[in-house]
Amino acid sequence: MSKPWILGLTGGIGSGKSAVAQCFIDLGVHAVDADHAARWVVEPGRPALTQIAEHFGDDVLLADGNLNRAELRKRIFQNESERRWLEALLHPLIGREISDNLARAESPYAILVSPLLVESGQHRLAQRILVVDAPEALQVQRTILRDSTSAEQVEAILKVQASREERLRHAHDILVNDRDLDWLHSEVSRLHRFYLTLRGGQT
Ligand SMILES: CC(C)(COP(=O)(O)OP(=O)(O)OC[C@H]1O[C@@H](n2cnc3c(N)ncnc32)[C@H](O)[C@@H]1O)[C@@H](O)C(=O)NCCC(=O)NCCS
Ligand SMILES: Nc1ncnc2c1ncn2[C@@H]1O[C@H](COP(=O)(O)OP(=O)(O)OP(=O)(O)O)[C@@H](O)[C@H]1O
């Protein structure tokens, strides 16, 4: 089987990656999401969850045995060495899930959605990079609304992610997501037609 042509889709927290990815999925494009892979590798019964509980203590587990994501989020975004420990454990596992899933793509191209595409080196899997960009104030506002979290928590996450400038340096295409969802849909349709021409109809 030939390797799929991969579009890397990235952007900071709350920029709209998942919303853009959904538009591509609606157009029939196979999508692999690093945040979803990050959930699979810590499901109950997976060795990584046991290692996380041993390292951080049982407070990071819920009564039903699932990961207490809100608790772990608090711990890692206020302590760089704890975040690095967690990333060293999870990123290789996430990378394997992503590669396995991308290999199953049957659409003319596939997308890899990842908040840390540039930071983690996952961009090397992609032939082209689309950055979803939005003003920082809008990223914070959208994330607070979506996650019922605080501005301080979102800003702590923003601080450890690549800067907009750094991310944009890797971009082949930029989608500025500062309008409504109908507009976003039409921009993604336009990009999709363009990517199909780049693929020259190859499957
Ligand atoms: C800390 C955790 C449990 C918090 O879970 P929660 O459900 O609250 O958030 P979720 O996983 O949906 O992530 C939301 C957003 O936070 C940001 N984020 C998550 N992890 C990181 C990180 N290590 N560095 C920078 N930003 C991150 C991203 O923008 C992501 O889209 C979770 O984010 C996690 O396991 N992070 C470590 C794994 C990782 O690096 N994931 C990023 C994808 S590779
Ligand atoms: N153009 C838009 N108009 C209105 N709401 C939007 C728009 N784009 C995204 N949103 C909303 O903003 C929130 C954040 O978007 P989304 O979840 O797609 O961001 P993300 O980049 O995937 O974030 P994360 O890095 O946290 O996973 C969601 O609730 C989404 O529905």
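Residues numbered from 1 in each chain as written. Chains lettered and ligands numbered in written order. Predicted model: local features only at pLDDT ≥ 70, side-chain atom pairs only at ≥ 80, totals over all residues. Heavy atoms only, no water.

**Here we look at the domain arrangement of the protein**
Domain assignment breaks the protein into domain 1 (1–29 + 109–203) and domain 2 (35–106). The gap between the C-alpha centroids of domain 1 and domain 2 is 22 Å. Residue-level contacts link 17 residues of domain 1 with 13 residues of domain 2. Around 1,200 Å² of area is buried between domain 1 and domain 2 when both sides are counted, 67% of it from carbon and sulfur atoms. Of all residues in domain 1, Gln153, Ile157 and Val160 give up the largest surface area on contact with domain 2, accounting jointly for 29% of the area buried on that side. (Domains from an automatic or database assignment. Contact = heavy atoms within 4.5 Å. Buried area = accessible area lost by both parts, 1.4 Å probe.)

**Focus: the site of ligand 1**
As a structural note, the neighbourhood of ligand 1 is formed by 18 residues, with Asp35, Arg69, Glu87, His91 and Gln161 the closest of them. Residue arginine 69 places a side-chain N or O atom 2.7 Å away from an oxygen atom belonging to ligand 1. The contact in question runs from an oxygen atom of ligand 1 to an N or O atom on the side chain of glutamine 161, over 2.9 Å. Among the elements that make up the shell around ligand 1, the one with the highest residue count is helix H4 (residues 69–77) (5 residues). (Near = heavy atom within 4 Å. Polar contact = N/O pair within 3.5 Å; in protein donor to acceptor, adjacent residues only side chain to side chain. Helix = DSSP H or I, 4+ residues; strand = E, 2+ residues; numbered from the N terminus.)

**Remarks on a negative patch on the surface**
Together, Glu136, Glu152, Glu155 and Glu165 line one region of the surface with negative charge. In this structure, glutamate 136 sits in helix H7 (residues 136–147). (Patch = residues over 30% accessible without salt bridge, like charges linked within 9 Å, V, L, I, M, F, W, Y side chains within 5 Å. Areas by Shrake-Rupley, 256 points an atom, 1.4 Å probe, with all protein chains shown as cover. Salt bridge = Lys/Arg side-chain N within 4 Å of Asp/Glu carboxyl O. Lys, Arg positive; Asp, Glu negative; His and termini not counted. Charge placed at Lys NZ, Arg CZ, Asp CG, Glu CD.)

**With respect to the pairing of strand E3 (residues 110–113)**
Neither face of E3 is open: one carries Ala110 and Leu112, the other Ile111 and Val113, and all of them are buried. In terms of strand pairing, strand E2 (residues 30–33) meets E3 through 4 bridges, oriented parallel. Each bridged residue has a counterpart across the sheet, and for alanine 31 the counterpart in E3 is isoleucine 111. (Buried < 20%, exposed > 50% of the residue type's maximum accessible area, 1.4 Å probe, protein only. Pairing = 2+ DSSP bridges.)

**Observations concerning the nonpolar core**
Membership of the largest hydrophobic core comes to 28 residues, with the highest contact counts inside it found for Ile52, Leu72, Leu90 and Ile98. With 6 residues, helix H5 (residues 80–102) is the single largest residue contributor to this core. Both domain 1 (1–29 + 109–203) and domain 2 (35–106) contribute no fewer than three residues apiece to this core. Beyond its immediate sequence surroundings of up to four residues, isoleucine 52 is in contact with Val42, Gly57, Val60, Leu67, Leu72, Trp85, Leu86, Leu89 and Leu90. Counting 19 residues, the second-largest nonpolar core is a separate cluster that includes Leu7, Ala21, Cys23 and Val113. (Core = buried A, V, L, I, M, F, W, Y, C linked by side-chain atoms within 4.5 Å.)

**Considerations on the side chain of asparagine 177**
One can find asparagine 177 in the loop between strand E5 (173–176) and helix H10 (181–199). For asparagine 177, a relative accessible area of 4% translates into the label buried. Discounting chain neighbours no more than four positions away, the residues touching asparagine 177 are Ser15, Gly16, Val132, Asp133, Ala134, Leu138, Arg142 and Leu184.

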